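Analysis of the macromolecular model
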Amino acid sequence: MSDDRSLVIRNARVLALDDAGHEWPCADIVVEDGTIRAMGPDAAATARDPTKTIDSTGMLAMPGLVNAHFHSPGNLAKGSLDNLPLELFMLYEVPPLATAESGNRAGYVGTILGAMEMLRRGITSVHDDAFHVPVASRDSIDAIMQAYADSGMRATVAIDQPNIVEYDKYPYLAELLPPELRAEMDRAPRQTGEELLALYGLLVKRWHGSHDGRLRAAVSCSAPQRVTVDYFAGLSQLSKRHDLPFNIHILETKLQRVLGEEKFGKSLVRYVHDLGFLDERMMVIHAIWIDDADIALLAQAGCTVAHNPVCNLRLGSGVMPFRKLRDAGVPVCIGTDEATVDDSINLWFAAKTAALVHTLSEPDYRHWPVASEILHAVTRGGARAMRLEGRIGQLTPGCAADIVLVDLDTAAFTPCNDLVRQLVLCEDGSGVRSTIVDGRVVYENGRLTTVDERALRAEAREIAAAQRPLVAAAEAAARRLDPVYRDMYLRAARQDVGLVRRLS
Ligand SMILES: [Zn+2]
């Protein structure tokens, strides 16, 4: 990979998405040392000896998209399961009684495969809540980070590892399980909070701020019901000490609303608030089965919410109260979630779905999302959630040069009636011609400049083939638990939780 991070983009239509709303029909962008130094008509004249000039006539230059929520360990499993409710889906995806690990090379190749797919579509940054099966290790963390380092993508990565026994993460499950299955769950590999915090120490020391700041660490508790309070407190302190984003899945499903009442006697948002952990570093993922009091708490704490509409449809989770959150002042970002639930890792498609799905839950059309706020969510919203506001998600002198060049001579923009609306409703990433991250051209002329895509795709197929027996064993392990999880799911589904987030 070239380390040269200075270049000039000439004659592009420019959409800055900055505070002033700058837009030029024809302008230049001057990049030096990975940072935007100047922008505007004839800005190229101010460039000091650029090593690369890109003539962008007929192209749109815009900020790279930010995939606000993702789990890279799902990358090799796209299309592997039919639609299922989250609780059954997770049972098959990460079976609690399966112990086989896929290996660090699979972690590396899978991660880089997802990065390749995103970079080709102009997704320059990802916020990866990476889980490790069955346990995290220094090597499994390094494999993921090295993949992002080699790909050229900007990545903020957490370690998403619950530290409590499986049946305590759910309502009713402990009582529904036969004793022998409960005992098996007790014996399943599980790391302590201390072990996980030690791994976080390694992640922060080795990777946070590395590669010119392109790679960063985040923290994650997965979900409040999946960790001990001590470990949760340790993560909260770590997040504050290093100003790291805090990934937390809250109230993705109705069953989790039931769980909050059953286990803690309150909503899971209020549970986190009462522990004192709700703060502006928290990115609350999904936030579907929240009520008005939850929304007020999220707004008061300054949390961001990560909306994953394609995942929510795939798992039948329900529709997030988008307008209520926005009206309360809660910033929203958009993610694809993992490749098993948004199988194309296409943030453009997630953005379009976000623009459309809220018409189902809200009859008053004045409350429906508009294209400009969706585009904001997939750029600046994601930047904010990654604690990189003012650094990425917009084109402004002083910002990192994470820039995408989109071909305007395509069906998506012919004719171009409204650029922003057509970016959200017509573009699907296939019009992206060049992707620049931190001033480096990582994708151009139909190929990535950083890695050998063909070789990696071939290796991914080999790894997947070799893993088939493991997948079959995991599926067999999940089938033993399926009837119990189904009972649990149906019992929660029958409860009246005082709010509705589905059509029926
Ligand atoms: Zn997730």
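This text gives an overview of the structure that appears in the document. (Residues numbered from 1 in each chain as written. Predicted model: local features only at pLDDT ≥ 70, side-chain atom pairs only at ≥ 80, totals over all residues. Heavy atoms only, no water.)

1. Focus on the pairing of strand β16 (residues 432–437)
Burial analysis of β16 places 5 of its 6 residues in the buried class, the great majority of the element. As paired elements, strand β15 (residues 403–407) and β16 share 4 bridges and run antiparallel to each other. Bridge assignment links Val404 to a residue of β16, and that residue is Thr435. Pairing of β16 with strand β17 (residues 440–444) involves 3 bridges; the strand directions are antiparallel. Bridge pairing links Thr435 to Tyr443 in β17. Two successive antiparallel strands, β16 and β17, enclose a turn made up of 2 residues, where Asp438 displays a positive phi of approximately 55 degrees. (Buried < 20%, exposed > 50% of the residue type's maximum accessible area, 1.4 Å probe, protein only. Helix = DSSP H or I, 4+ residues; strand = E, 2+ residues; numbered from the N terminus. Pairing = 2+ DSSP bridges.)

2. Topic: the nonpolar core
Membership of the largest hydrophobic core comes to 138 residues, with the highest contact counts inside it found for Tyr148 and Leu298. Among the elements that line this core, the one with the most residues is helix α16 (residues 453–493), at 10 residues. The residues touching Leu298, leaving out its near neighbours within four places in the chain, are Val269, Leu278, Val284, Ile290, Cys303, Val305, Leu325 and Val330. One finds Ala16, Trp24, Ala61 and Ala401 within the second-largest nonpolar core, a separate group that totals 20 residues. (Core = buried A, V, L, I, M, F, W, Y, C linked by side-chain atoms within 4.5 Å. Contact = heavy atoms within 4.5 Å.)

3. Considering the coordination of the zinc ion
In the first shell of the zinc ion, the protein supplies His69 (NE2), His71 (NE2) and His249 (NE2), at 2.0 to 2.2 Å from the metal. Read in sequence order, the donor residues for the zinc ion give the motif H-x1-H-x177-H. Taking the relative accessible area as the measure of exposure, His71 reaches 5% and is therefore buried. (Donors = N, O, S within 2.8 Å, 3.2 Å for Na, K, Ca; no water.)

Interpretation in functional terms is not warranted from these geometric data alone.
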